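# Descriptive analysis of the structure
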Amino acid sequence: MNYLESLAKLGVGGAHPGGLKLTKEIVAQQSIDHTTKLLDIGCGTGQTAAFIANQYACSVTAMDIHPIMVEKAKQRFLDGEVPISVVQGNIEQMCWSEQFDIVLSESVLAFTNISKSLTSIRNVLKCNGCFLAVEIMVDESVGESDKHAIASFYGFRHLLTETEWREKLSQSSFKQINIEQPSLNPLPITIDEAQDFHFSNSEIDEALDILHQHQALTKRYKEKLPYAVFRCTK
Ligand SMILES: C[S@@+](CC[C@H](N)C(=O)[O-])C[C@H]1O[C@@H](n2cnc3c(N)ncnc32)[C@H](O)[C@@H]1O
């Protein structure tokens, strides 16, 4: 079982740095009303999508590649009676065309081919649409072998510094690129505090063990693996 599978098995909601608290802060800075069309890519179990649909009564689409995540997101929306369409698919190959005002990704792009994902995100955004993301970065001082160990534990395809993120966004023709490091508690998920779990029935011990390893790793690299909020426009 890998890190993403453990999140899926445990049904972790808010599996991104800063959690729902940060999500609430960053979406509050956007202008969102009932006419807004928002796409949450790599939605996981749908915590963020449900919050946004409930809070702003806007049109929300949620997508994820993992079948268990999709199933748990669907169940969440059904239980909460939230009208969200859920799609199973790959961010790198989205086939909507210029549909969304906002695309949101929270701790997702590092697991994908970032250049392909950014091109795909740009294609599904309306003209002047906004790409909003919370993503992990690596400090310039981290050596190659540590980077390799971190990337292989999480299954990251890329582990980029702030400069490299900026380059990728700009190479993909995004404009008004703003990258900001929030001052919230940097630990992504603390198992003892987290409330939002939707356990599957099997392999829970193995999944919890992986989550404990994740906590140890984030503690060890606390200052070296910052995260940032990215905002840019098409
Ligand atoms: C760390 S989790 C974050 C989930 C959610 N955004 C949250 O904050 O709780 C990363 C999510 O990205 C999804 N994912 C990874 N690669 C993907 C891809 N190529 N296309 C769509 N989803 C992907 C995973 O299945 C997983 O649900």
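Cut-offs and rules
Residues numbered from 1 in each chain as written. Predicted model: local features only at pLDDT ≥ 70, side-chain atom pairs only at ≥ 80, totals over all residues. Heavy atoms only, no water. UniProt positions renumbered as here; feature names shortened; annotations may be inferred. Helix = DSSP H or I, 4+ residues; strand = E, 2+ residues; numbered from the N terminus. Rg over C-alpha atoms; globule rule 2.2 N^0.38 Å. Buried < 20%, exposed > 50% of the residue type's maximum accessible area, 1.4 Å probe, protein only. Phe/Tyr/Trp six-rings, centres within 6.5 Å; stacked < 30°, edge-to-face > 60°. Lys NZ or Arg CZ within 6 Å of the ring centre and 35° of its normal. Pairing = 2+ DSSP bridges. Axes fitted to C-alpha atoms, helices over the stretch in contact; angles between N-to-C directions. Contact = heavy atoms within 4.5 Å. Disulfide = S-S within 2.5 Å. Polar contact = N/O pair within 3.5 Å; in protein donor to acceptor, adjacent residues only side chain to side chain. Core = buried A, V, L, I, M, F, W, Y, C linked by side-chain atoms within 4.5 Å.

With an unreviewed UniProt entry as reference, the chain is termed Class I SAM-dependent methyltransferase, source organism Virgibacillus dokdonensis. We quote the UniProt Catalytic activity (unreviewed entry) comment for the chain here in full: "phosphoethanolamine + S-adenosyl-L-methionine = N-methylethanolamine phosphate + S-adenosyl-L-homocysteine + H(+)".

### Section: the overall build of the chain
Each helix and strand counted, the chain has eight helices and seven strands in total. Against the 2.2 N^0.38 benchmark of 17 Å for 234 residues, the chain shows a C-alpha radius of gyration of 17 Å, consistent with a compact globule. Oriented by its inertia axes, the alpha-carbon framework of the chain measures out at about 45 × 40 × 30 Å. Counting the 234 residues in the chain, one finds 55% classified as buried.

### What about the packing of aromatic side chains?
Under the defined criterion, the tally for this structure stands at eight aromatic pairs. These aromatic residues form a ring-pair network of at least three members: Tyr3, Phe111, Phe153, Tyr154 and Phe156. Its end group placed over the ring of Phe100, Lys37 keeps NZ or CZ at 6.0 Å from the ring centre.

### Things to note about the sheet that holds strand E3 (residues 85-88)
With mixed pairing, seven strands are arranged side by side in an open sheet as E3-E2-E1-E4-E5-E7-E6. Since the sheet does not close on itself, it has two edges, and those belong to E3 and strand E6 (175-180), each with one partner. Between one strand and the next, the sheet's axes are offset by a mean angle of 15°, whatever the strand orientation. With four bridges joining them, strand E2 (residues 59-64) and E3 adopt parallel strand pairing. Paired with Met63 across the bridge in E3 is Val87. Together, E2 and E3 form the strand contacts of helix H4 (residues 67-79), whose direction differs from that of E3 by roughly 175°.

### Here we look at the state of the cysteines
Defined simply, a disulfide is a covalent bond joining two cysteines at their sulfur atoms. What the rule picks out here adds up to zero disulfides. A disulfide-free cysteine, Cys43 has its sulfur positioned 15 Å from the sulfur of Cys58, the nearest such atom. Residue class for Cys43 comes out buried when judged on its relative accessible area of 8%. Unpaired in terms of disulfides, Cys127 finds its nearest cysteine sulfur in Cys130, a separation of 13 Å.

### A few points about helix H3 (residues 47-56)
Extensive coverage of H3 is indicated by the burial of eight of its 10 residues. Within H3 the residues assigned to the buried category are Gln47, Thr48, Ala49, Ala50, Phe51, Ile52, Ala53 and Tyr56. Among the structural elements, helix H2 (19-28), strand E1 (37-41), E2, H4 and strand E4 (100-106) are those in contact with the buried residues of H3. With its phi angle positive at about 50°, Ala57 sits one or two positions after the end of H3.

### A look at the side chain of Thr218
Along the chain, the position of Thr218 falls in helix H8 (residues 204-220). Overall, the relative accessible area of 11% leaves Thr218 in the buried class. Here Gln215 takes part through its backbone oxygen, which lies 2.9 Å from a polar atom of the side chain of Thr218.

### Some words on the environment of Thr35
Summarising the element assignment, Thr35 is placed in the loop between H2 and E1. Between the alpha carbons of Thr35 and Ser105 there is a distance of 20 Å; along the sequence they are 70 residues apart. A distance of 2.5 Å separates a polar atom in the side chain of Thr35 from a polar atom in the side chain of Asp33.

### Digging into the nonpolar core
By size, the foremost hydrophobic cluster in this structure holds 28 residues, and its most contacted members are Val27, Ile52, Tyr56, Val60, Phe77, Ile84 and Leu132. When contributions to this core are tallied by element, the ones reaching two or more residues are H2, H3, E2, H4, E4, strand E5 (125-136) and strand E7 (227-233). Examining the composition of this core, we find that six residues originate from one element, H3, more than from any other. Discounting residues that sit within four places of it in the chain, Phe77 has contacts with Gly46, Ala49, Ala50, Ala62, Val82, Ile84 and Val86. Among the nonpolar cores identified, the runner-up in size contains 25 residues, and Val124, Ala133, Met137 and Ala228 belong to it.

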